[in-house]
Amino acid sequence: MLTATKVHDIEAVEIHAEDVAEIISSGQAGVCRAVLFPEAAGLLLAKHNTRNRGVKRHQREFLKRQIEREQFAYNGETIVIGDDGQVMNGQHRLTACVAAGVPIEVLMVFGVPAKHFVTIDQGARRNAADVLTIEGHKSCTCLAGCLRQIDNYFNDCLGRSHAKGSIGDRADNARALQLVDKYPDVAASVSVMLHCRLTPPALASALHYLFCMVDREQADEFCGVVLDGVKPDVTYSDIGKAAAMLREWLMRAAIGFKKTPPHYIANVWIKAWNAGRTGVFPKILVYKDFEGQILIK
């Protein structure tokens, strides 16, 4: 039976290379809340990491940035060392610690039976949509993608699958919560564009939100035509006519033999929007990389 006397705070202690060498050579087993120094992490990687999978660069770089920005948090996740002295879990945190050259606070477990290595990392990773769901938001898969694409726009990579610039090549769950606070009206755009079929809903929601930043009434008209087409008894402004041109382009793209990349689709949306805003319509909609991602305000 677990009692209060068996649960207690573990004071963090500094772990240097010589400490790691002594713990492993003496065969000690137990748990240690550690401030792990880069040279200790380097020792583990150099001499005690011979049976692990290859390091994923994007994961290492993501953690390195977290450490450098002082956003790496002690969260109870463990670095596991087997009873044979080998690293069983945590090599990406170790490589990031070395790359950043900064100590990190972690929970370390020594002396775990090496035969249990195959049971590690079998759980499902919590993603941004999961975090947003826990916080009580709706349509969270679309919402998470929409937030990422809005952030991508301000980092010149709208339509790309991964964010870059301020938050690196991999999305950060904590960043998703920051973005939903930064863009509090984004849920309204998600509700409007959630069932869009001609463009990925998350991307369409992000574009609706970006257009609303310029002119909400025109954004609703533009996206309404993209969603439902032109109604014969309605008189449309230039923005609606541009949306009709975009809808035709999207329908043609949908039946093509090659899948049109999302970043190309996003830029054609913006080109059509800009045409509607200026009243200057191209003969055909086409995007070229040198045109850039611009919203006419």
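Now for a look at the structure at hand. (Residues numbered from 1 in each chain as written. Predicted model: local features only at pLDDT ≥ 70, side-chain atom pairs only at ≥ 80, totals over all residues. Heavy atoms only, no water.)

**Concerning the state of the cysteines**
Scanning the model with the defined rule gives zero disulfides in all. Looking at the unpaired C142, the closest cysteine sulfur is the one in C146, lying at 6.3 Å. (Disulfide = S-S within 2.5 Å.)

**Notes on the packing of aromatic side chains**
For any pair of aromatic rings, the description rests on two quantities: the centre-to-centre distance and the angle between the ring planes. For the coordinates displayed, the defined rule picks out nine aromatic pairs. For the pair F211 and F222, a centre-to-centre distance of 5.4 Å together with 85° between the ring planes defines the contact as edge-to-face. Within this pair, whereas F211 is found in helix α9 (residues 201–214), its partner F222 is found in helix α10 (residues 216–228), the two being separated by eleven residues in sequence. A residue is classified by how much of its surface remains accessible, and F222, at 0% relative accessible area, is buried. Ring geometry for F222 against W273: centres 5.7 Å apart, planes inclined by 80°, an arrangement best described as edge-to-face. Here the residue F222 occupies a position in helix α10, and W273 occupies one in helix α12 (residues 262–278), the gap between them amounting to 51 residues. Here the two residues F222 and W273 agree in accessibility, since each one is buried. (Phe/Tyr/Trp six-rings, centres within 6.5 Å; stacked < 30°, edge-to-face > 60°. Helix = DSSP H or I, 4+ residues; strand = E, 2+ residues; numbered from the N terminus. Buried < 20%, exposed > 50% of the residue type's maximum accessible area, 1.4 Å probe, protein only.)

**A look at helix α1 (residues 17–25)**
Along α1, the residues classified as buried are A17, V20, I23 and I24. What you see down the axis of α1 is that its buried residues fit within an arc of 130°, all on one side. Summarising the geometry of α1, the exposed residues directed more than 90 degrees from the buried face are E18 and S25. In this structure, the buried side of α1 is in contact with β1 (13–15), α2 (38–47), β3 (78–82) and β5 (104–112). One or two residues past the end of α1 sits G27, with phi positive at roughly 70°. (Arc of directions from axis to C-beta. Contact = heavy atoms within 4.5 Å.)

**Considerations on the side chain of N49**
Structurally, the position occupied by N49 is in the loop between α2 and α3 (57–68). We classify N49 as buried; its relative accessible area is 17%. Reaching out from N49, the side chain makes a polar contact with the side chain of N52 at a distance of 3.0 Å. (Polar contact = N/O pair within 3.5 Å; in protein donor to acceptor, adjacent residues only side chain to side chain.)

**Focus on unusual backbone geometry**
Positive phi is not limited to glycine here, since E70 has a value of about 60°. Tracing the backbone shows E70 in the loop between α3 and β3. The backbone of S139 shows a phi angle near 50°, a positive value even though the residue is not glycine. Within the element layout of this structure, S139 appears in the loop between α5 (128–134) and α6 (140–153). For S139, a relative accessible area of 35% corresponds to the partly exposed category.

**Some points on the packing of α3 against helix α4 (residues 91–100)**
Contact geometry for α3 and α4: axes closest at 8 Å, N-to-C directions at 55°. Looking at the two axes, α3 sits oblique to α4. At the point where α3 passes α4, the crossing takes the right-handed sense. Where α3 abuts α4, its residues Q59, R60, L63, K64, I67 and E68 lie against H92, R93, T95, A96, C97, A99 and A100. (Axes fitted to C-alpha atoms, helices over the stretch in contact; angles between N-to-C directions. Parallel < 35°, antiparallel > 145°, perpendicular 65-115°, else oblique. Left-handed = near helix turned anticlockwise from the far one by under 90°.)

**Some details on α12**
In a regular helix each residue adds 1.5 Å, so 17 residues correspond to 24 Å; α12 covers 24 Å between its end C-alpha atoms and thus fits that length. The buried count for α12 comes to twelve of 17 residues, which makes it a mostly enclosed element. Three or more residues of α12 are buried, namely H263, I265, A266, N267, V268, W269, I270, A272, W273, N274, A275 and G276. Immediately beyond the C-terminal end of α12, within one or two residues, lies G279, with a positive phi of roughly 80°. (Expected span 1.5 Å × (residues − 1).)

**Digging into the pairing of β3**
For β3, a buried count of four out of five residues is recorded, marking the element as mostly surrounded by other parts of the structure. In this sheet, β5 lies alongside β3 in parallel orientation, the contact comprising five bridges. Bridging from a neighbouring strand, T78 pairs with L107 of β5. One ladder, built from two bridges, connects β3 with strand β4 (residues 87–89); its direction is antiparallel. Looking at β4, one finds that V80 is bridged to N89. Between β3 and the antiparallel strand that follows it, β4, lie four residues; G85 among them carries a positive phi value of about 85°. (Pairing = 2+ DSSP bridges.)

Don't take any of this as a statement about function, it's just geometry.
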